[in-house]
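# Breakdown of the fold
The residues making up each chain are set out below.
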Amino acid sequence: PQKYGPNRQLGRWVTNQRQAYKHMLDGEKISSAIKERICLLNEIGFVWVVETSGKWYDMFEELKKYKETHGNCAVPVKCPSHKHLALWVQKQRRQYREMKEGRPTQMTAKHIDLLNGLGFVWKVYEDNWHEMLDDLRKYKERHGDYLVPQKYGPNP
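Residues numbered from 1 in each chain as written. Predicted model: local features only at pLDDT ≥ 70, side-chain atom pairs only at ≥ 80, totals over all residues. Heavy atoms only, no water.

For any pair of aromatic rings, the description rests on two quantities: the centre-to-centre distance and the angle between the ring planes. Under the definition given, this model contains seven aromatic pairs. Taking 5.4 Å as the distance between ring centres and 10 degrees as the angle between the ring planes, the aromatic pair formed by W56 and F60 counts as stacked. Taken together, the residues W56 and F60, both in helix α3 (residues 55-70) and four residues apart, mark about one turn of the helix. Residue classification places W56 among the buried residues on the basis of a relative accessible area of 9%. Put simply, the rings of W56, Y57, F60 and W88 pair up and form one aromatic cluster. (Phe/Tyr/Trp six-rings, centres within 6.5 Å; stacked < 30°, edge-to-face > 60°. Helix = DSSP H or I, 4+ residues; strand = E, 2+ residues; numbered from the N terminus. Buried < 20%, exposed > 50% of the residue type's maximum accessible area, 1.4 Å probe, protein only.)

Structural data, given as structure tokens:
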């Protein structure tokens, strides 16, 4: 913590190191001395991204409960009782996408593993597309054609 009681100067110093690292990840030009310092900190296993107060894990636990109740991790944004969780789920997908694009993010391999273990869907549209294709096949079996009315209800 920046306000580390026994040694406040150390707390500020650590914060400055993390900021320098973030600048490097953001593509800003940094000196060779800072690069060397980052390497030295990496050698001792310095933690660059610190999660605040376990909030990520609190939300993950909330998602687990949601899945137990609803059978999936697809939290609808329009559901007022789960709005906060839905926004968190969207944020996980955005951070994952940004990580895959090589941009700096707080997404970690551990978080990805935990979410994958829950059956988390990273690309909702793609999974939904395949579900809709299956539904279309079932529609054809029942009705003999692909002329689905625009306001067709759920499959019986």
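For the rest of this paragraph, the subject is helix α1 (residues 8-25). Residue pairs spaced three or four apart in an α-helix point in one direction, given the helix's 3.6 residues per turn. Between its first and last C-alpha atoms α1 spans 26 Å; for 18 residues at 1.5 Å apiece the expected length is 26 Å, and the two agree. For α1, the full list of buried residues reads G11, V14, Q17, A20 and Y21. Elements in contact with the buried residues of α1: α2 (32-43). (Expected span 1.5 Å × (residues − 1). Contact = heavy atoms within 4.5 Å.)

Attention now goes to the nonpolar core. As a rule of thumb, nonpolar side chains are buried together in soluble globular proteins. Ranked by size, the top nonpolar core spans 18 residues in total, and within it L63, L85, W88 and L115 carry the most contacts. Secondary structure elements with two or more residues in this core: α3, α4 (83-100) and α5 (109-117). If near-sequence neighbours (up to four positions away) are discounted, W88 is found in contact with W56, M59, F60, L63 and L115. By size, the runner-up hydrophobic cluster in this structure holds seven residues, among which are V14, Y21, I30 and W48. (Core = buried A, V, L, I, M, F, W, Y, C linked by side-chain atoms within 4.5 Å.)

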